[in-house]
Amino acid sequence: MAELTLTPNLDRPDDFYAALIATHDGLSDDESAALNARLILILANQIGDTEVLAAALQTAAKAPEEVTA
Amino acid sequence: MIHDRYQLAFKLYPYERSADQDAETPVRHPVVIMGGGPIGVATALDLGLQGIPVVVLDDHEGIGMGSRAICFAKRCLEIADRYGCGQPMLDKGVVWNLGKVFHDDRKVFEFNLLPEQGHKFPAFINLQQPYFERFLVERVREAQAAGAPIELRGKNRVDSVITHDDHVTLEITTPDGPYTIEADWLIGCDGASSPLRGMMGLDFEGRVFEDSFLIADIKMMNDDFPTERWFWFEPYFKSGASTLLHKQPDGVWRVDFQIGWDVDRKKELQEENVRARLDAMLGDVEYEIVWTSIYTFQCRRMKQFRHGRVLFAGDAAHQVSPFGARGANSGMQDVDNLGWKLGLVIEGRAPESLLDSYNAERVHGADENILNSTRSTDFITPKSKVSHMFRNAVLDLAEQYEFARPLVNSGRLSVPCVYDGGPLNGPDALRGGPTRTRVGSPCPDAPLGEGFLLDHLGGAFTLLTIDAEAPDALEESGVPITRLALSASDDASGGLAERYLGMATSGVYLVRPDQHVAARWDSFDETATRAALRRAIGLE
């Protein structure tokens, strides 16, 4: 059974983060939210494993504080 | 008249009348440098120590007040050490390794720079810029006494330049009136707002960041804060959208508050308002304010650093945000790169086109610094709601989960530039050689006897052989190459072998005068070495 990876696994974290933010450039808040939803579904399909996805959902849900952006 | 634009911390080159001012026809100098800041003075040292006459012109008589740059990186100190003033910087500076990152009132994580053993210099020291500059000028005085042809001319303001194919004419104003000189080569080290760039009508394009930062350097009466770098995102004490606390020598602390774009600078700089921010942060602590300033910044560079007989270095050529300590540190790498090339060109041993490689290599360095400091700035001061949301999600996750920590970006601290794909690079033919010493890299230090490897490299071309045979001296196209013959066993700690051999059993490195690797092989091949030297000086 695969486990949720919570140790660093990105090849080039700064490149990824910059690309992620750049993908949102010029979008409205609603458009950004929709993009995020599509992105999550694409990544979920890439992961595939039900148990890993369930663990990811749980981990995200118990993050320290509600983000107040 | 020449008015001071700022107060001086140290008056080090008072105005003196020069014989040039009484000359009937303008005196021609091989090199004139505009700007007596750290980059201008370091350039003068590099050239002067090669025996090349150089004149530095500055419209002030010394070093400006205010700590400004405070974080000096290992590579910058190694360069200063090659000029003979690294040690006093290290002795005066504060060495730090531990950084802590906070969000609101919670610690997100801490990092340790974990310095690798066997280097003469630590990863970073904190040192107020005026001290850094003073040590450079003191080294100039020492070199002058030993015969180095360096002149520092205070209160000499350049008012106009006329560029020609083979020289530049400069009109200068002094307290005794104007005079004219000529220069075979002019180097602009006159800072981010470079008057020289303006006089030549040259571009300086990039991105403006709409945020202001309030700096307060304070002396705490009873300070028991540790020597660590503390960075807050959205601090609970609300003194800024982010805040940095960092220790300097003399018991002085740098506090840096991000205070937004639309601020009334005058009002924010009033002592009571600065104290209100500091008190909220520090609580019941007594302190004295040493220096305050508000800065904004841009990330930008000139398209070209070479314009015929005029070369630009330091902030005059490129400007970055302060996150990552990439300003003065990259300027010193410019000097390191330019000095030996200009020296060879002036002595007629290399073609003028060698200077185009200064442009290629240092534009590459500037782009790397601009990319990194722009990304840090985007993380520290997110400019959209979604960007802010992702930033805070990273911070929230990083508190508990290691995977998110590499994404936290409170400044990617300056590491030396590798000239990958550079125009002077020769063959990278050491099978099994370590990546960190690939062609284009600055040589990493290693212990050697009582001292260090870098004490023996730089200033000229060196053939570094490790457990390999080679002649003790070679000359190619009038340029000498001296061998430094070592054995892996010379460093019992294994650092030398790990850094220069990797999986290989022997290695031969051609090292440039700026301590960068020009080529490497597993054994000596005379034809290949000569070809690599010619390539490294722009002949092939």
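Quantities reported herein were computed from a predicted structural model and do not represent experimental measurements. Position numbers for residues count from 1 along each chain, tracking the sequence in the order it is written. Numbering of ligands from 1 and lettering of chains from A proceed in the order in which they are written. Reporting in this predicted model follows two pLDDT cut-offs: at least 70 for local features of residues, and 80 or more for side-chain atom pairs to be given and counted; totals over whole chains, interfaces and linings ignore these cut-offs and use all residues. As a convention, hydrogens and water are excluded, and side-chain values are obtained from all of the structure's heavy atoms.

Next up on the list: the packing of helix H8 (residues 328-346) of chain B against helix H9 (residues 354-380) of chain B. Residue and element names in this part refer to chain B. All axes here are fitted lines through C-alpha atoms, helices being fitted over the stretch that makes contact, and every angle between N-to-C directions spans 0 to 180 degrees. The helix count covers DSSP runs of H or I at least four residues long, the strand count covers runs of E at least two residues long, and both are numbered beginning at the N terminus. As a packed pair, H8 and H9 sit with axes 9 Å apart at the nearest point and diverge in direction by 175°. Relative to H9, H8 is oriented roughly antiparallel. On H9, the residues that touch Ser 330, Gln 333, Asp 334, Asn 337, Leu 338, Trp 340, Lys 341, Leu 342, Leu 344 and Val 345 of H8 are Leu 354, Leu 355, Ser 357, Tyr 358, Glu 361, Arg 362 and Asn 369. In what follows, roughly perpendicular refers to angles from 65 to 115 degrees, roughly parallel to angles under 35, roughly antiparallel to angles over 145, and oblique to any angle outside these ranges. By definition in these notes, contact holds between two residues if any of their heavy atoms fall within 4.5 Å.

Further remarks concern the sheet that holds strand S29 (residues 479-486) of chain B. Residue and element names in this part refer to chain B. Only when DSSP finds a minimum of two bridges between them are two strands counted as paired. If you trace the six strands from one edge of the open sheet to the other, you get S24-S31-S30-S27-S29-S28, paired in mixed fashion. What marks the edges here is a single partner per strand, and that holds for strand S24 (428-429) and strand S28 (473-476). Bridge count for strand S27 (residues 461-466) against S29 is six bridges, and the pairing is parallel. Residue pairing across strands places Ile 466 opposite Leu 486, the latter belonging to S29. Here helix H12 (residues 526-536) sits on the sheet in contact with S27, S28, S29, strand S30 (507-511) and strand S31 (517-521), set at roughly 50° to S28.

A separate point is the sheet that holds strand S7 (residues 98-103) of chain B. Residue and element names in this part refer to chain B. A sheet is described by the order of its strands in space; here seven strands give the open sequence S8-S7-S16-S17-S18-S15-S19, paired in mixed fashion. Looking along the sheet, the strands with just one partner apiece sit at the ends: strand S8 (106-112) and strand S19 (287-295). Strand-to-strand, the axes of this sheet are offset by a mean angle of 15°, without reference to chain direction. By the bridge criterion, eight bridges tie strand S15 (residues 212-220) to S19 in an arrangement that is antiparallel. Residue pairing across strands places Ile 218 opposite Ile 289, the latter belonging to S19. The sheet strands contacting helix H7 (residues 271-282) are S15, strand S16 (229-233), strand S17 (242-248), strand S18 (252-260) and S19, and the helix crosses S19 at an angle near 110°.

For the rest of this paragraph, the subject is the interface of chain A and chain B. Opposite the 22 residues of chain A that make contact, chain B presents 23 residues. As used here, buried area is the combined drop in accessible area, with a 1.4 Å probe, of two parts when they are placed together. Buried surface at the junction of chain A and chain B, both sides included, amounts to about 2200 Å², of which 65% is carbon and sulfur. Salt bridge, as used here: a side-chain nitrogen of Lys or Arg that lies within 4 Å of a carboxyl oxygen of Asp or Glu. Counting across the interface, chain A meets chain B through three salt bridges. A salt bridge links Asp 14 of chain A to Arg 412 of chain B, with the nearest nitrogen and oxygen atoms 2.5 Å apart. Definition of a polar contact: a pair of N or O atoms within 3.5 Å, with one able to donate and the other able to accept a hydrogen when the atoms are protein atoms, and with sequence-neighbouring residues admitted only if both atoms are side-chain atoms. Here chain A is connected to chain B by four residue pairs in polar contact (both at pLDDT 80 or more). For the side of chain A that touches chain B, the secondary structure elements donating two or more residues are helix H1 (13-23) and helix H2 (29-47) of chain A. Broken down by element, the residue count for the side of chain A that touches chain B peaks at eight residues, all from H1 of chain A. For the side of chain A that touches chain B, the per-class residue count stands at twelve nonpolar, five polar and five charged. Polarity classes work like this: nonpolar for Ala, Val, Leu, Ile, Met, Phe, Trp, Tyr, Cys and Pro, charged for Asp, Glu, Lys and Arg, and polar for all others, with Gly in that last group.

This part is about the domain arrangement of chain B. All names here are of chain B. Domain borders in the structure are assigned automatically or taken from a domain database. Taken domain by domain, chain B comprises domain 1 (8-94 + 122-203 + 301-368) and domain 2 (428-536). Tallying the contact residues gives twelve residues for domain 1 and 18 residues for domain 2. Taking both partners together, domain 1 and domain 2 bury about 1000 Å²; carbon and sulfur atoms supply 49% of that area. Linking domain 1 with domain 2 are one salt bridge, by the criterion used here. Between Glu 361 and Arg 512 there is a salt bridge whose closest N-O contact spans 2.9 Å. In this assembly, domain 1 and domain 2 are joined by five residue pairs in polar contact (both at pLDDT 80 or more). Those elements giving two or more residues to the side of domain 1 that touches domain 2 turn out to be helix H2 (74-82), H8 and H9. The dominant element in the side of domain 1 that touches domain 2, judged by the number of residues it contributes, is H8, at five residues. Per-class residue counts for the side of domain 1 that touches domain 2 are three nonpolar, one polar and eight charged.

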